[in-house]
Each structure stands twice: as C-alpha cells, then as structure tokens.
Amino acid sequence: MCGIAGQFNFQRGEPVKRETIVRMARSIAHRGPDDEGYFISGPLGLGFRRLSIIDLAGGHQPMSDAEETVWLIFNGEIYNYMELREELRGKGHQFRTKCDTEVIIHGYKEWGSDVLNRLNGMFGLAIWDVLNERLVLARDAMGIKLVYYRLADGQLTFGSEIRAILAAKDSKAQVDPIALNLFLRFRYTPSPLTIFKGIRKLAPGTMLILENGQCREERWYNYMPVPFSGRKEEKQAAEELLELYRGAVKRHLLSDVPVGILLSGGIDSGLLLALMNEQGGPWPAYSVGYGKSFEDDELTDAAETARILGARHLTVKLDQAEFERSLPKIVECLEEPVATSSIVPMYFVSQRARQDVKVALIGQGPDELFGGYTRHLGVHYGDWWRRLPSVIRSSVSFAVGRLPRNEALKRGVCSLGTPDRMKRYQDVFSLAPANTIDRLFRDDILRDRNGHELFDYWRGLIPQMIHTDELGGFQLLEIRSSLPDELLMYADKLSMAHSLEVRVPYLDRTVVEYVQRLGAGFKVRNGNRKWLHRRVCAQYLPSDILKRKKRGFAVNVVDDWFHSSLNGELQEVLLDESSLMFSLLKPNSVRKLLSDHRSARQDNHKLLFSLVMLEQWLRRSCSHTRPSLFANRTIGLS
C-alpha cells in the first residue's frame, strides 16, 4: 500500500524535472513512510512512496523487468498474485521478488493492458512501456483505490491524491461549479469529476492510455451480470456465498505485517471477524465509542461481539467537542468535501488501529451488494408503486408532500414514479431535487451546465445493466459510483492519513460478480434487507447480534452532535455573509434552508451538513492548498 505520482510530457517531449517528481511524491509521504523511489527518463517521471506490507525487502518501486522494458508504480494489493505468478512461470517468465508488483509487470508483458482483467485486488497504477513509449494509468474494478490526474498543454500529471498534482507546479486551482452542484446533490463528487476544475479522477474500472502524442480513456472492466440459469436453490446460494466469503477473507489476510479489524457492533464486521478466526487469531479489533450518555453508542455491542468471537477489543472514545475540533483537519485529509458524519469515527479508529497494526480489514460492502439501506426497499418495490393508477399516486404524493419534514419520503415518492430508469436512479441518489440545489447558486455560476451531468457519466454503464432487474441496476450504479467515490474514497484517505492499509474483503471481485448475478429476491424479501447475507451470518453469529439495530460506527450519535451544533458555532458559517461559500451561493437561499429546518417545516440536516463541509473545505483549501483557488468569480471565489 503506497502512494504514486508522476508526470508525462506526451506531446512535446520536454524532459521532466526530477525535483518536480520528488516534490510530488513527498507531498504524499504519509501514504508511504517506509521507502521512496524515482524513475526519470526524458519526458517521463515516476515517483513512489511505500508502506511495506508484502515482501518487505524486495518490493522497492518503481520496479521493472530484468531488461528494463516495462516500469511500474503501483498502489494497492493483488490478492491472486501467487496464482498469476505460477501461470506466468509456466509461460517462461522469471521472477526476482516475492511481491505482487512484479506479477503485474510480467502480466503486462504477456497480456498487455488485458492484465488488468486478470487482477483480483485493489490498485491505482501506472505502467510505462519503454519499447512502445506507452503509458497506461488505471484504477481497479471496484474503485477501492484512487487515481487523480490533470491534462493540460500536452502534459499529464497524476497521483494517488490531489495534493501531488497541486505540488507539481504553482498553478491556479479553481472550483468546478458543476462538480460542486453534484456534490450538494449527492454528498460526494462522482467520477470522473473532482471539486477542482481541470483535475479529474479515473472512474472505477477505467484507464488512460497515452501514446503517439495522444491520450484516450477506456473502460477496461466491462463485466455484464447475467442471471444464473434456472432457479437457484436458497441453500445452494448460501453455501456458494459462504465459500466465496471464505476465499476472499483468506486472500485479504495475506500480509507480512500485523493485521486487525475495524469492528462495529453490526453483523457485517461480526461475520468478517468470525471468518478471520477460521484463518488464525486472536485478532485485535478496533471500535469507536461516544460515552455512556448515548443510547446509540454501539461500543457495548462491539465489545460483546469481540468477546463472543475471542478478539482483543481496543477502543477510542470521542465527544462532541472533539467532533467539532477535528472537522477541519479531517476535511483537509479528504481533499474533496464528503458530507457523511462517519468520516469522524473513521479518522479516529484508523488512528488508534495504526498504533498496533499496518493492515485492517473492514466490513464495507454488504449493504450495497444486498440492499441494506432504506432506499433499496423503495427501489425494489417501486414497480408496485408505478403500477398503481395515476389518480391514486397523485393523491398519495399530494398528501406526502404536505407532511412536515419527512424529506426522504417525499423524495422517494417523487423519484420512484419517474418513468425513465436512469433518471429515476439519479433522483433516488439525490439529497434534494435538482431545482432546489440550482436555486442555491448565484445566477452567473452555472451557465455552462446541461442539467444531466451525472446521467452523462453513467451512460457508459448502461450496457452492463441489460440483464439486471430494477434493484440490480440501481446497485450496479451504486457499486460504480457512490460506493467508490464516497465511502471507499474517505476510507482510503482517512486510513492512509495514518499510514494504515484498509482492506475490503466483501468487495473481492469473486464476491461482487456472484452477487450481481442474483435476483432481487435473494437480497430483499418480505421487506427484509440483506436476506441471503443474513442467512450466512446466522451460521456464525448468535441471534442477539443478528437482531441489533443497524448503526455503522454509531453515526446517529455524530448526526445528533451536528444537529445540536446547528444551534451553536457551526450555524454561524451558514449565516455569516463573509463565508467563502457565498461567492458561489446565494446567502438568502442558504438562510431559508436553515430557517425551514429550525422551524421543523423541513428536515434539511443532510444538505446543511453538506454546506458546512463545503465551507470547511473552502477554508482549508484556501489556507493550505492555493490562495489562488478562488481567483475567478465565475468558477471560484473572488
């Protein structure tokens, strides 16, 4: 697990300056405190920071083959690398190390860029093909790792984090108003956009190829889920899923350094710990607590899970003062605003885990794979709603629209009645209707948008949805968009801020591709979510754990802290007309959101939290990134 950075002058061929690459790599030294390395060759420069996990002595990068015809910098882990190494040995390839990095090099020599389809793992990588003068930049299929890049004046600059790109030269970085609009709608900035104008991130399963003075972007991962033929028996499906889980956990435990688990009180991390126990243990388990006064504090639940499963339980406790105090530095780690309260516990549990281990497994994934959120119920039963006579739907919609608060229900009723499938999915994802978000912006800010930005970026995924049912199609977009660009993004940034590698066994390609072939009935049944996953959990976990209320890292507590803060210090950024956001947004429109929320007419807390996170991000970016970030009123702050 590492950080990569590089620059390629692919059109005019000017030499890259070594000091530029060194500066870029050292800006992300927190991702790799154990080692650094560089490769400079004319117009190309590659930089690398290493967090040593596998083959501690032999994994130095940039790495090449013996003939130095292929060079690689690689951030991530390849879990099937031993099988690939044996296959490549059978084809005559000779290996000098025991690490997964070298497998990618020889795999590229054997299969070209199709090596990416053979990798089961998480990665952001750059391959330099010396003989063909070709650079390949790629992000893994599930988007667990990130690759940011900027294309300007025939030059590509890239890195694992945005700060590496900004470190390349003293250039102006400006806010992209279209990306900002999408952030306020969805709480995150979807690929390929970032909040910075001109800086993009590769979408999951895509790559850039630069050769012959040209750059093209391609989707290398085009898996099309096709339902299993015939009726799959429930018992068989549960057995097959369990075996896939076991194989994934075994692969994800491969490490030459200590491993732990980030443990909530729920079933996903509980099952993960139980499966880890089949491979060894006892394991250190890390949880977050918020004090005895909170009913929603799941520290007791997590401690009981750890006791039942024989883990060594280690905790970190937060209070509201620490929550408010820590937000600015957490926002700085994220680089882009992400408006979910779970970023706070994620930051601190990663910090605590790194005191003991370099690698931690986390139970992210089953909610997206098996329909664990309330929105999945709406999507699944949406066909029933659309089949109702229009007069009934209109009457119900009118009644729901008059309810105070209940914004989620109002949005659900509105969005699930939308006939167009992709537009319906987009509306379900939204925190607020598009026109509500648009009205927040100053009149001269969004002149160049078409109103369908996210749909445009999703269009390339439509062929993969041909055989999916309604829920499966929505989940495919979720797995390709909100999961990698929100949840996995902040997990990567906040863990690597402490030099901790977080692994996600439930997102092993074998698991994801199997579940995508299952019908909705294996996921949501009789109003119960994560049905098949729960059947597997029931083989390992007692009924008390299976019946616990879903809490995540007790984020409801953090939500309550934010609510109370809206009556205190945090609300000031929404009322203060000198706040930086108001060079982009209308103060009166933001004030009305807050007023409607405080009067209980509407529940706007998610959108208000997004605005607070935006202001925190603007302040940290202005003072720590580039003062020129806000130089242009039409796209930034004056």
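In this text, all values refer to a predicted model and were calculated from it rather than measured experimentally. (Residues numbered from 1 in each chain as written. Predicted model: local features only at pLDDT ≥ 70, side-chain atom pairs only at ≥ 80, totals over all residues. Heavy atoms only, no water.)

### Focus: the sheet that holds strand S1 (residues 2-8)
Link 1 in the chain: Strand order across the open sheet formed by six strands is S2-S3-S1-S9-S8-S10, with antiparallel pairing between neighbours. Edge positions in the open sheet fall to strand S2 (35-41) and strand S10 (199-201), since each of these has one partner strand only. Taking each pair of neighbouring strands and ignoring which way they run, the sheet shows an average axis angle of 15 degrees.
Link 2 in the chain: As defined by bridge partners, S1 adjoins strand S3 (residues 44-50) across seven bridges and the pair is classed as antiparallel. Residue pairing for S3: Ile 4 is matched across the bridge by Phe 48.
Link 3 in the chain: In the packing of helix H1 (residues 18-26) onto the sheet, the strands contacted are S1, S2, S3 and strand S9 (155-159), and the crossing angle to S2 comes to about 150 degrees. (Pairing = 2+ DSSP bridges. Helix = DSSP H or I, 4+ residues; strand = E, 2+ residues; numbered from the N terminus. Axes fitted to C-alpha atoms, helices over the stretch in contact; angles between N-to-C directions. Contact = heavy atoms within 4.5 Å.)

### Some points on the pairing of strand S6 (residues 121-129)
Link 1 in the chain: For S6, the buried fraction is high: nine of the nine residues fall into the buried class.
Link 2 in the chain: Judged by which residues are buried, S6 turns out to be covered on both faces: Gly 121, Phe 123, Leu 125, Ile 127 and Asp 129 on one side and Met 122, Gly 124, Ala 126 and Trp 128 on the other are all buried.
Link 3 in the chain: Of the pairings in the sheet, the one linking strand S5 (residues 70-78) to S6 comprises nine bridges and is antiparallel in character. Paired with Gly 76 across the two strands is Phe 123, which belongs to S6.
Link 4 in the chain: Judged from the six bridges that link them, S6 and strand S7 (residues 134-139) form a sheet pairing that is antiparallel. Within the sheet, the bridge partner assigned to Trp 128 lies in S7 and is Leu 135. (Buried < 20%, exposed > 50% of the residue type's maximum accessible area, 1.4 Å probe, protein only.)

### A few points about unusual backbone geometry
Link 1 in the chain: With an omega of -5 degrees, the peptide bond between Gln 61 and Pro 62 qualifies as cis.
Link 2 in the chain: In this structure, Pro 62 sits in the loop between S3 and strand S4 (63-64).
Link 3 in the chain: In the segment running from Gly 281 into Pro 282, the intervening peptide bond is cis, with an omega of 0 degrees.
Link 4 in the chain: Of note, Pro 282 is situated in the loop between helix H7 (267-277) and strand S14 (284-289).
Link 5 in the chain: For Glu 133, which is not a glycine, the phi torsion comes out positive at approximately 50 degrees.

### Focus: the environment of Val 249
Link 1 in the chain: Inspection of the secondary structure puts Val 249 in helix H6 (residues 234-252).
Link 2 in the chain: We classify Val 249 as buried; its relative accessible area is 2%.
Link 3 in the chain: Discounting chain neighbours no more than four positions away, the residues touching Val 249 are Leu 272, Leu 275, Met 276 and Pro 505.

### Considering H1
Link 1 in the chain: For H1, the complete set of buried residues consists of Thr 20, Ile 21, Val 22, Met 24 and Ala 25.
Link 2 in the chain: Among the structural elements, S1, S2, S3, S9 and helix H4 (162-166) are those in contact with the buried residues of H1.

### Remarks on the packing of helix H9 (residues 320-334) against helix H20 (residues 482-496)
Link 1 in the chain: Contact pair H9 / H20: the axes reach a minimum separation of 9 Å and the direction vectors enclose 105 degrees. As summarised for this structure, H9 and H20 are arranged roughly perpendicular, according to the angle between their axes. Of H20, the residues touching H9 (which contributes Ile 330, Cys 333 and Leu 334) are Met 489, Tyr 490, Lys 493 and Leu 494.
Link 2 in the chain: Its residues assigned to classes, the contact of H9 with H20 comprises six nonpolar, no polar and one charged. (Parallel < 35°, antiparallel > 145°, perpendicular 65-115°, else oblique. Nonpolar A, V, L, I, M, F, W, Y, C, P; charged D, E, K, R; others polar.)

### Quick word on the nonpolar core
Link 1 in the chain: Ranked by size, the top nonpolar core spans 153 residues in total, and within it Leu 184, Ile 343 and Leu 585 carry the most contacts.
Link 2 in the chain: Setting aside residues no more than four positions away along its own chain, Ile 343 makes contact with Leu 327, Ile 330, Leu 334, Val 338, Tyr 490, Leu 494 and Met 613.
Link 3 in the chain: Within the second largest apolar cluster, 21 residues are counted, among which are Cys 2, Leu 46, Ala 126 and Leu 210. (Core = buried A, V, L, I, M, F, W, Y, C linked by side-chain atoms within 4.5 Å.)

In short, geometric facts, not functional conclusions.
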